[in-house]
Amino acid sequence: MPEEEYYGKNGEPRKYDPTFKGPIHNRGCTDIICCILFILALLGYFAVGILAWSQGDPRKVIYPTDSRGQFCGQAGTPLENKPNLFYFNIMKCASPLVLLEFQCPTPQICVEKCPDRFLTLLNAFKTADLKYYKSYCKEGVDLSTLSAPEVLKTGLCPAMILPSKPLSRRCFPAFSKKNGVLVVGNQTTFDDGQGKIRNAKDLLEGAGNATIVREARQLAMKIFEDYTHSWYWILIGLVIAMVISLIFIILLRFLAGIMVWVMIILVILVIGYGIFHCYMEYASLKGTPGANVTLQELGLQADFSVYLQIQQTWLAFMIILCIVEVIIILLLIFLRKRILIAIALIKEASRAIGYVMSSLFYPLLTFILLALVIAYWAVTAIFLSTSNEPVYKVFNDTACEYSRNTCKPETFNTSAAKLACPDAKCLFAFYGGESPYHKYLIAFQFYNVFLFFWCANFVTALGQVTLAGAFASYYWASKKPDDMPAFPIFSSLGRALRYHTGSMAFGSLILAIVQVIRVLLEYVDYKLKGAQNRFAKFLLCCLKCCFWCLEKFIKFLNRNAYIMIAIYGKNFCTSARDAFFLLMRNIIRVAVLDKVTDFLLFLGKLLIVAAVGILSFFFFSGKMKGIESTTPALNYYWVPIVTVIIGSYLIAHGFFSVYAMCVDTLFLCFLEDLERNDGSAERPYMMPENLLKVLEKKNAKTAE
């Protein structure tokens with residue numbers, strides 16, 4: 001279709017300019033106001049960080065806190081050897097969330113060990129267990145001078161203790177099942193120390209879901225244990241993924257056409273082998289007792305290897321792989337002509353990377369900068385969330401007008417609340433505060449999240465502008481590499497930081513606003529999960545979908561705008577408009593050619609991940625003959641496999657992201673070339689011969 005049909009309302013095509021030789025060197029600063037705003041925002045971000053670090057205390061996250069606001073197990077304190085938190089009456093706690101948020105209305109003390117037996121205070125006075133029982137009383141209690149009723153009345157000791165186990169450094173009842181009946185310490189009933197016989201089920205109201213939390217913690221500990229046993233093998237797997245990715249990129253440099261077709265064939269074969277393996281596993285389980293259980297009947301299991309013992313799992317894997325295989329084959333059949341152009345573009349990208357080899361190492365700089373942004377955000381968030389002051393409230397067993405009012409432990413015994421309610425106690429409730437700093441704490445957290453998105457997007461934008469400038473200098477160079485800068489990456493990075501910090505901040509700001517709105521929508525969705533309003537849920541779902549699409553569109557537009565900024569040095573809005581109109585004038589080429597290239601590069605990443613994933617599966621599952629003895633003993637062999645697969649994808653994505661940026665830059669330059677030039681002796685095309693042949697175009701020199 002002629003290019004003229006794309007013109008009109010989508011802007012005028014580029015005019016021939018004999019002085020244009022690639023990225024313009026004589027350029028000025030763009031979007032200065034946004035640059036100043038970004039610098040001020042960063043200064044404010046540092047101020048928030050300093051304020052949070054001066055007010056915050058991460059020990060509140062690490063250590064549990066007793067009723068006096070002291071940290072259990074903190075080194076260098078009298079409670080150093082008492083790491084666990086003990087609750088006097090856990091049945092007063094409504095749920096485990098109350099325990100984890102330090103808001104249980106019962107005295108809490110730090111203890112060396114959780115109780116391992118049933119014992120009431122009355123029985124302790126009658127037996128020789130008084131010394132043992134004293135370790136679960138408040139500090140400084142002398143039981144030899146007090147009677148049991150006096151101790152209970154003053155709340156110096158719990159009425160009873162029961163077998164418990166530490167969970168997140170808090171003493172939970174040691175639940176278990178005996179012949180299908182819930183027991184605590186092998187007993188179904190116990191004396192609560194106040195003359196009542198209670199059932200073990202009564203503890204569930206106070207420590208409900210504790211067993212689920214405990215199982216989750218046990219799962220986490222087993223996963224951590226697997227990492228300690230297999231971390232070096234995981235590193236070896238990631239190194240293998242890096243080596244394969246590097247070899248793949250080097251081979252693309254010299255054998256791009258052959259490698260693309262080999263890659264396509266190998267992807268089809270690897271997925272085909274996956275289908276065959278799933279079928280063999282499915283067939284081998286036929287007739288095995290319990291293998292015909294459905295996934296719905298099995299439910300959620302902590303041990304994921306259980307799922308591999310039923311037929312339906314392998315059948316699901318096989319169906320998914322078959323669908324993927326069919327989709328890939330159909331795409332290859334219908335896009336076979338466009339694949340030839342895409343291969344020519346990849347060949348040219350390979351040559352460009354060959355001239356700018358330092359571009360392969362640029363993702364390391366992006367990774368380091370992103371790691372710093374993430375680390376600063378995480379540390380600031382932790383310090384902000386722990387910068388509250390301890391808040392004490394009045395807790396009582398009988399009706400009291402001062403119930404749940406704030407109080408001060410130092411003066412509580414002489415306060416009006418104690419006089420009006422003799423049985424009331426002033427206990428640590430949670431962390432909060434009434435100062436102006438604490439009132440704006442939520443705003444600081446929001447600012448921290450917003451600046452995190454803004455800075456992370458800015459780092460990504462910096463990488464895109466830098467790579468685009470380097471690859472554009474390659475495309476428009478008449479004589480390669482003579483007409484290229486000596487250090488293309490450093491030259492482009494310098495131009496980006498010196499002239500276009502404001503433009504990159506502008507594009508990053510727009511994207512950050514959309515991302516923060518998406519986070520807020522997810523938060524609202526979380527809050528409305530228990531709501532029954534279907535219209536609200538439908539509206540929220542529509543909003544989430546719309547903003548997801550908007551984020552994808554802005555990322556696409558920003559990426560192309562950054563390429564135009566790197567080439568022409570104009571501001572963000574002008575560059576975004578020029579890029580958008582250029583793409584709209586060539587919408588068919590964009591929809592087909594550019595996406596086909598992305599698809600081929602995705603197949604390359606898929607091939608590397610699949611190869612490393614299959615290798616790690618056979619190794620960690622002990623199915624690799626000859627080296628079974630070197631396989632580490634693991635609780636869940638899927639833990640290192642999943643880690644290696646995710647790590648391999650990130651590594652492959654890091655290498656191929658350079659290729660993707662190179663292809664996108666060359667593609668825009670290619671579209672500009674078609675508009676600027678016509679192949680005549682005065683206006684020859686700048687594209688290489690292989691692209692000219694595929695497009696059935698030629699320069700006047702080659703026509704002669």
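What you see is a predicted model; the values in this text were computed from it and never measured. (Residues numbered from 1 in each chain as written. Predicted model: local features only at pLDDT ≥ 70, side-chain atom pairs only at ≥ 80, totals over all residues. Heavy atoms only, no water.)

Draft legend 1. The arrangement of the overall build of the protein in detail. A count of helical and extended segments in the protein gives 23 helices and 13 strands. Burial statistics for the protein: of 704 residues in total, 44% are counted as buried. Put simply, of all contacts in the protein between residues at least 6 apart along the chain, 72% involve residues at least 24 apart. When the accessible surface of the protein is totalled, it reaches about 36600 Å², and 65% of it is carbon and sulfur. (Helix = DSSP H or I, 4+ residues; strand = E, 2+ residues; numbered from the N terminus. Buried < 20%, exposed > 50% of the residue type's maximum accessible area, 1.4 Å probe, protein only. Contact = heavy atoms within 4.5 Å. Areas by Shrake-Rupley, 256 points an atom, 1.4 Å probe, with all protein chains shown as cover.)

Draft legend 2. Local environment of the pattern of salt bridges. The full count for this structure, using the stated rule, is eight salt bridges. Close ionic contact of Asp-116 with Arg-117 constitutes a salt bridge, the shortest N to O distance being 3.0 Å. Judged by its relative accessible area of 31%, Arg-117 falls in the partly exposed class. Here Arg-577 and Asp-578 are joined by a salt bridge, their closest N and O atoms 3.4 Å apart. With relative accessibility at 45%, the residue Arg-577 sits in the partly exposed group. Asp-578 gets classed as buried once you look at its relative accessible area, which sits at 16%. Through salt bridges with shared partners, a single ionic network connects Arg-518, Glu-551 and Lys-555. (Salt bridge = Lys/Arg side-chain N within 4 Å of Asp/Glu carboxyl O.)

Draft legend 3. Quick peek at the packing of helix α1 (residues 32-55) against helix α15 (residues 441-475). Here α1 crosses α15 at 130°, and the two axes come no closer than 10 Å. Taken together, α1 and α15 sit at an angle that is classed as oblique. With respect to the hand of their crossing, α1 and α15 are arranged in left-handed fashion. Contacts between α1 and α15 pair Leu-37, Phe-38, Ala-41, Leu-42, Gly-44, Tyr-45, Val-48 and Leu-51 from the former with Phe-444, Tyr-447, Asn-448, Leu-451, Phe-452, Trp-454, Cys-455 and Phe-458 from the latter. Across the contact of α1 with α15, the residue classes tally to 14 nonpolar, two polar and no charged. (Axes fitted to C-alpha atoms, helices over the stretch in contact; angles between N-to-C directions. Parallel < 35°, antiparallel > 145°, perpendicular 65-115°, else oblique. Left-handed = near helix turned anticlockwise from the far one by under 90°. Nonpolar A, V, L, I, M, F, W, Y, C, P; charged D, E, K, R; others polar.)

Draft legend 4. Layout of helix α10 (residues 311-334). The first and last C-alpha atoms of α10 sit 35 Å apart over 24 residues, in line with the 34 Å expected at 1.5 Å per residue. Gln-311, Thr-313, Trp-314, Met-318, Glu-325, Ile-328 and Leu-332 are the residues of α10 that are buried. (Expected span 1.5 Å × (residues − 1).)

Draft legend 5. Molecular detail of the nonpolar core. Of all hydrophobic cores here, the largest spans 105 residues; its most connected members are Trp-454 and Leu-600. A total of 19 residues in this core trace back to one element, the largest contributor, which is α15. Residues in contact with Trp-454, not counting those within four places in the same chain, are Leu-37, Phe-38, Ala-41, Ala-505, Ser-508, Leu-509 and Ala-512. In this structure, Ile-109, Val-111, Tyr-133 and Cys-171 belong to the second largest nonpolar core, which totals 18 residues. (Core = buried A, V, L, I, M, F, W, Y, C linked by side-chain atoms within 4.5 Å.)

Draft legend 6. Geometry of unusual backbone geometry. Positive phi is not limited to glycine here, since Asp-31 has a value of about 50°. Note that Asp-31 resides in the segment before α1.

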